[in-house]
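Fold and contact review
For reference, the chains in residue letters:
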Amino acid sequence: MSYSAAESVYREVKELILSGELPGGDLISEGEIAARMSCSRTPVREAFLRLEAEGWMRLYPKRGALVVPVADGEAEHVVDARRLLETHAVRAVTSAPPAREQLERTLRASLDKQRELAERGDVGGFSGADADFHRNIVAAGGNPLLDTFYAGLRERQRRMTARSVARDPAQLQKIIADHAHLVDLVAAGDADAFDEALEVHMREVHGLGGGRL
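Bear in mind the structure is a predicted one, so any value in this text is a computation, not a measurement.

Right, let's get into the overall build of the chain. Helix and strand counts for the chain stand at nine helices and three strands. Along the chain, from the amino end to the carboxyl end, the secondary structure elements read α-β-α-α-β-β-α-α-α-α-α-α. For the chain, whose C-alpha radius of gyration is 19 Å, the value lies close to the compact-globule estimate of 17 Å for 213 residues. A buried classification covers 44% of the 213 residues belonging to the chain.

Turning our attention to the domain arrangement of the chain. For an interface, size is often stated in terms of accessible area lost upon the parts coming together. The domains assigned to the chain are domain 1 (5-67) and domain 2 (74-206). One C-alpha centre belongs to domain 1, the other to domain 2, and the line joining them spans 29 Å. The interface is formed by nine residues belonging to domain 1 together with eight residues belonging to domain 2. Surface buried jointly by domain 1 and domain 2 totals about 670 Å² across both partners, of which 51% is contributed by carbon and sulfur atoms. Of all residues in domain 1, the largest losses of buried area upon contact with domain 2 belong to Leu18, Ser19 and Trp56, amounting jointly to 64% of the total for that side. Counting across the domain 1 and domain 2 interface gives two salt bridges. A salt bridge links Glu155 to Lys14, with the nearest nitrogen and oxygen atoms 2.9 Å apart.

Further remarks concern the environment of Gly24. Here Gly24 lies in the loop between helix H1 (5-18) and strand S1 (27-28). Sequence-wise, Gly24 and Val68 are 44 residues apart; in three dimensions their C-alpha atoms are separated by 5.2 Å. What Gly24 contacts, discounting residues up to four positions off in sequence, is Val67, Val68, Pro69 and Arg159.

Throughout the structure, instances matching the rule amount to 22 salt bridges. Here the residues in one salt-bridge network are Glu7, Arg11, Lys14, Arg50, Glu54 and Glu155, joined through shared partners.

Here we come to the packing of H1 against helix H3 (residues 41-53). Contact pair H1 / H3: the axes reach a minimum separation of 8 Å and the direction vectors enclose 55°. Of the possible angle classes, the one that applies to H1 and H3 is oblique. Regarding H1 and H3, the two cross each other, and that crossing is right-handed. Here Ala5, Ala6, Glu7, Val9, Tyr10, Val13 and Lys14 of H1 lie close against H3, whose contacting residues are Pro43, Val44, Glu46, Ala47, Phe48, Arg50 and Leu51.

The geometry of helix H5 (residues 97-120) relative to helix H6 (residues 123-140) is characterised by a closest axis approach of 9 Å and an angle of 175° between their N-to-C directions. With respect to each other, H5 and H6 are oriented roughly antiparallel. In this structure, H5 uses Leu103, Thr106, Leu107, Ser110, Lys113, Gln114, Leu117 and Ala118 to contact H6, whose residues at the interface are Gly125, Phe126, Ala129, Phe133, Asn136, Ile137 and Ala140. Class assignment of the residues belonging to the contact of H5 with H6 gives a composition of nine nonpolar, five polar and one charged.

In sheet architecture, strand pairing relies on hydrogen bonds along the backbone and comes in two forms, parallel and antiparallel. Here three strands make up an open sheet; going across it, the order is S1-S3-S2 and the pairing antiparallel. A strand with exactly one partner marks an edge of an open sheet, and here the two such strands are S1 and strand S2 (57-60). Along the sheet, H3 contacts S1, S2 and strand S3 (64-67); its crossing angle with S2, the most-contacted strand, is approximately 125°.

Moving on: the nonpolar core. Note that soluble globular proteins tend to have their nonpolar side chains buried in a common cluster. Formed by 31 residues in total, the largest nonpolar core has its most connected members in Leu107, Phe126, Ile137 and Phe194. Sorting the residues of this core by element identifies helix H4 (74-94), H5, H6, helix H7 (144-167), helix H8 (171-188) and helix H9 (191-205) as the ones contributing at least two each. By residue number, the principal contributor to this core is H8, which donates seven residues. Setting aside chain neighbours within four positions, we find Phe194 in contact with Glu86, Thr87, Val90, Ile137, Leu182, Leu185 and Val186. Leu22, Ile33, Ala47 and Leu51 belong to the second-largest nonpolar core, a separate cluster that totals 19 residues.

Our next topic: the side chain of Thr87. Along the chain, Thr87 turns up in helix H4. Residue classification places Thr87 among the buried residues on the basis of a relative accessible area of 6%. For Thr87, the side chain forms a polar contact with the side chain of Asp195, separated by 2.9 Å. In contact with Thr87, not counting residues within four places along its chain, are Ala191, Phe194, Asp195 and Leu198.

Cut-offs used in this document
Residues numbered from 1 in each chain as written. Predicted model: local features only at pLDDT ≥ 70, side-chain atom pairs only at ≥ 80, totals over all residues. Heavy atoms only, no water. Helix = DSSP H or I, 4+ residues; strand = E, 2+ residues; numbered from the N terminus. Rg over C-alpha atoms; globule rule 2.2 N^0.38 Å. Buried < 20%, exposed > 50% of the residue type's maximum accessible area, 1.4 Å probe, protein only. Domains from an automatic or database assignment. Contact = heavy atoms within 4.5 Å. Buried area = accessible area lost by both parts, 1.4 Å probe. Salt bridge = Lys/Arg side-chain N within 4 Å of Asp/Glu carboxyl O. Axes fitted to C-alpha atoms, helices over the stretch in contact; angles between N-to-C directions. Parallel < 35°, antiparallel > 145°, perpendicular 65-115°, else oblique. Left-handed = near helix turned anticlockwise from the far one by under 90°. Nonpolar A, V, L, I, M, F, W, Y, C, P; charged D, E, K, R; others polar. Pairing = 2+ DSSP bridges. Core = buried A, V, L, I, M, F, W, Y, C linked by side-chain atoms within 4.5 Å. Polar contact = N/O pair within 3.5 Å; in protein donor to acceptor, adjacent residues only side chain to side chain.

Structure (structure tokens):
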């Protein structure tokens, strides 16, 4: 599939933001991105306007574009919503062994992919695999409305994970170990223990401290 120049710039710059390569707080110019992507400033300007409309950038005439940092309290809200949706899904599959077994297989395959990406040091790819791991859990619950809602959290989750790994690269292996534990709890059909482990996992990865939400 081919994209317009503006669409291509939009996708690439957004990926740089979500992967953490363009961190929140960075001020970038149209010229920098145009040179990086070997294009004119016109598609860059269009892409920046679209990213501003989505809340990823704030434009300052003659100064550049600020990559909007993760807002105060955003991580707490994202974690809270994710925990509710994922635990609900696990409770749904505990009474349906075939669905639970299928979810376990899907998650173990995801773990293999995460290990491969971590070994390569591909933080952007890893943050995507991490988000997909958790979305697979929600999808297994069989509620398409909740799955669609969770999809809206995926980009925020990716960015938060990339930021956490950039802050502490050791998080890669910790996330994988936590995910392996969560898969074991899914396999055991222990939704209560899953809920507790998921909360600890997310709060530690995103530096939110202890205690229940």
